[in-house]
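Structural characterization, general
Letter by letter, the chains look like this.
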Amino acid sequence: MKWRCGNMWTPPGNEYFQDGKPIEQRFYMKISNVEAFLMSYAMPEKIELPFWGGVRTILKRDAMLIKVTADNGLIGYAPGPAFARAYDEISTVIKNFLVGKDP
């Protein structure tokens, strides 16, 4: 079985790990799912902050979390814009574009 470590040189195209899987097979993955979670938290009390010579009142906090799942079980998270339109776009257009692609 061929394998590569820091002290060995293997001709290009013949790189193997100790488990016998070629590098291309070991690291190849596809996106299997993309999910968006739109969240909102109502503040217990309103918060008033100075804002451009006036007052800004905060009643709630909105956030979006995007979850990307690969076919090998890896999961990644990212923040997203907290808008209903962005949620719709991610759940349909962007999801359809990314599913099946190699990240």
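Residues numbered from 1 in each chain as written. Predicted model: local features only at pLDDT ≥ 70, side-chain atom pairs only at ≥ 80, totals over all residues. Heavy atoms only, no water.

Counting its secondary structure elements, the protein contains two helices and three strands. Starting at the N terminus and walking to the C terminus, you meet the elements of the protein as α-β-β-β-α. In the protein, which comprises 103 residues, the share counted as buried stands at 15%. Sequence-distant contacts, at least 24 apart, represent 46% of the contacts inside the protein between residues at least 6 apart. For the protein, the exposed area adds up to about 8,200 Å²; of that, 59% sits on carbon and sulfur atoms. (Helix = DSSP H or I, 4+ residues; strand = E, 2+ residues; numbered from the N terminus. Buried < 20%, exposed > 50% of the residue type's maximum accessible area, 1.4 Å probe, protein only. Contact = heavy atoms within 4.5 Å. Areas by Shrake-Rupley, 256 points an atom, 1.4 Å probe, with all protein chains shown as cover.)

To continue, consider the nonpolar core. The biggest cluster of nonpolar side chains holds seven residues, and these are Ile 31, Val 34, Ala 36, Met 64, Ile 66, Ala 86 and Ile 90. Of all the secondary structure elements, the ones that give two or more residues to this core are strand E1 (31–51), strand E2 (54–70) and helix H2 (84–98). Broken down by element, the residue count for this core peaks at three residues, all from E1. When neighbours within four sequence positions are excluded, Ile 66 is seen to be in contact with Val 34, Glu 35, Ala 36, Gly 76, Tyr 77, Ala 78, Pro 79, Gly 80 and Ile 90. (Core = buried A, V, L, I, M, F, W, Y, C linked by side-chain atoms within 4.5 Å.)

Attention now moves to the side chain of Lys 67. For Lys 67, the position within the fold is in strand E2. Buried within the structure, Lys 67 lacks any salt-bridge partner; Glu 35 is the closest side chain of opposite charge, at an N-O distance of 4.0 Å. (Lys, Arg positive; Asp, Glu negative; His and termini not counted. Salt bridge = Lys/Arg side-chain N within 4 Å of Asp/Glu carboxyl O.)

Take unusual backbone geometry next. Residue Trp 52 is not a glycine yet carries a positive backbone phi of 45°. Topologically, Trp 52 is positioned in the loop between E1 and E2.

For the structure on display, the rule yields zero aromatic pairs. Across the ring face of Phe 51, the terminal group of Arg 56 is positioned such that the distance to the ring centre comes to 5.5 Å. (Phe/Tyr/Trp six-rings, centres within 6.5 Å; stacked < 30°, edge-to-face > 60°. Lys NZ or Arg CZ within 6 Å of the ring centre and 35° of its normal.)

Now for the environment of Glu 89. Counting through the fold element by element, Glu 89 comes out in helix H2. With a relative accessible area of 34%, Glu 89 lands in the partly exposed category. Remark: the alpha-carbon pair of Glu 89 and Ala 36, spanning 53 residues in sequence, is separated by 9.6 Å.

On to the pairing of E2. Looking at chain direction, E1 and E2 are connected through 16 bridges and run antiparallel. Note that in E2 the partner of Ile 31 across the bridge is Ala 70. For E2 and strand E3 (residues 75–80), the ladder comprises six bridges, and the chain directions are antiparallel. Looking at the pairing, Leu 65 lines up with Pro 79 of E3. (Pairing = 2+ DSSP bridges.)

Overall, the coordinates contain two salt bridges when judged by the stated rule. Taking the shortest distance from any N to any O, the salt bridge between Glu 48 and Lys 46 comes out at 3.4 Å. Note on Lys 46: relative accessible area 55%, which makes it exposed. Note that Lys 60 and Asp 62 form a salt bridge whose closest N and O atoms lie 3.3 Å from each other.

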